[in-house]
Amino acid sequence: IGFATSNLLASLGADVFIHSFEDFDRSQPWGADAEGIAGLCETLRGHEVRIEHQKADLAKPETPSELVGAAVRCFGHLDILIANHAYSVNQGLEELTAQEIDRHLQVNVRASLLLTREFAAQHDGRKGGRVILFTSGQHRDPMPSELAYCASKGALRELTLSLSHHLAPREITVNTVNPGPTDTGWASPEIHDAVLQRMPQGRWGEPDDVARLIAFLVSDAGRWITGQAIDSTGGFL
């Protein structure tokens, strides 16, 4: 989703500052991108825009400030913040640990809030300030094996209205998107088939589906939309 969004915005002429943390990706069953972040950046530079990158661990409280500071040094000003990062480990109630609860809240909630704070602090009042956060489907469907993840993503959804109200006088919009089941290679064949039965359009979501929504929200056409948590799920039941 991050690459699809960056690719679409770059194709529209936006310079892009990318954050990654491949150490976490490598620990997951699907692994990191085969060509690495350098390959992704090279592809994006094909749009003849400026692409910058920094690796960082968002579990560290200082990282949001460091990332925004680095981006501002590169570009002078940030118009858009898209916080699509996520930490997720499956744990049901019986397996739940304090360490994993804290980790989910640190990465998914604290980092998103601090990124928003730092973005707003550098915003100079020009038109076009946009913040996009990401929730999941915890408000639509039970996710009992991902309780800490549910708590963290639910928190972002509930923060959307308050953040948007606070930043509206500065012409910064804040919206949160739920991309629904998106085929990024993470699902096992069993999960893929089970979800497919609940997709009325007969397919999983593709990264470009949510990228198009984000591109609209951050454009001038989306300037009057704020404080919304938007489901972009293809009618997922």
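Residues numbered from 1 in each chain as written. Predicted model: local features only at pLDDT ≥ 70, side-chain atom pairs only at ≥ 80, totals over all residues. Heavy atoms only, no water.

(A) Layout of the overall build of the chain. A tally of regular secondary structure across the chain gives eight helices and six strands. Across the chain, helices and strands are ordered from the amino to the carboxyl terminus as α-β-α-α-β-α-β-α-β-α-β-α-α-β. Compactness check: the chain gives a C-alpha radius of gyration of 17 Å against a globular reference of 18 Å for 237 residues, within 12% of the reference. Across its three principal axes, the chain shows a C-alpha extent of roughly 45 × 35 × 35 Å. For the chain, with 237 residues in total, the buried portion stands at 43%. For the chain, the separation between the mean place of its 20 positive charges and that of its 31 negative charges on side chains is 7 Å. (Helix = DSSP H or I, 4+ residues; strand = E, 2+ residues; numbered from the N terminus. Rg over C-alpha atoms; globule rule 2.2 N^0.38 Å. Buried < 20%, exposed > 50% of the residue type's maximum accessible area, 1.4 Å probe, protein only. Lys, Arg positive; Asp, Glu negative; His and termini not counted. Charge placed at Lys NZ, Arg CZ, Asp CG, Glu CD.)

(B) The arrangement of the sheet that holds strand E4 (residues 129–134) in detail. Taken in spatial order, the four strands line up as E3-E4-E5-E6 in an open sheet, and their pairing is parallel. The open sheet has two edge strands, strand E3 (80–83) and strand E6 (229–231), and neither has a second partner. Averaged over all adjacent pairs, the angle separating strand axes in this sheet is 20°, with direction ignored. Pairing between E4 and strand E5 (residues 172–178): six bridges, direction parallel. Paired with isoleucine 132 across the strands is asparagine 175, a residue of E5. Packed onto the sheet, helix H6 (residues 147–167) meets E4, E5 and E6 and runs at close to 160° relative to E5. (Pairing = 2+ DSSP bridges. Axes fitted to C-alpha atoms, helices over the stretch in contact; angles between N-to-C directions. Contact = heavy atoms within 4.5 Å.)

(C) Quick look at the pairing of strand E1 (residues 16–20). By the alternation rule, side chains of E1 split into Val16, Ile18 and Ser20, which are all buried, and Phe17 and His19, of which none is buried. As paired elements, E1 and strand E2 (residues 51–55) share five bridges and run parallel to each other. The partner of histidine 19 across the bridge, within E2, is glutamine 54.

(D) Up close: the pattern of salt bridges. Taken as a whole, this structure holds ten salt bridges when the rule is applied. For aspartate 231, the salt bridge identified is with arginine 140, shortest N-O distance 3.1 Å. A residue pair is termed long-range when its members are at least 10 positions apart, and aspartate 231 in strand E6 and arginine 140 in the loop between E4 and H6 qualify at 91 residues. Accessibility expressed as a relative area gives 31% for aspartate 231, which makes it partly exposed. Within the structure, one salt-bridge network assembled from shared partners comprises Arg203, Asp209 and Arg212. (Salt bridge = Lys/Arg side-chain N within 4 Å of Asp/Glu carboxyl O.)

(E) Summary view of the packing of helix H4 (residues 63–75) against helix H5 (residues 98–122). Interhelical geometry of H4 versus H5 gives an angle of 35° and a closest axis separation of 8 Å. As for how H4 packs across H5, the hand of that crossing is right-handed. Here Pro64, Ser65, Val68 and Val72 of H4 lie close against H5, whose contacting residues are Ala111, Leu114, Leu115, Glu118, Phe119 and Gln122. Of the residues assigned to the contact of H4 with H5, the class counts are seven nonpolar, two polar and one charged. (Left-handed = near helix turned anticlockwise from the far one by under 90°. Nonpolar A, V, L, I, M, F, W, Y, C, P; charged D, E, K, R; others polar.)

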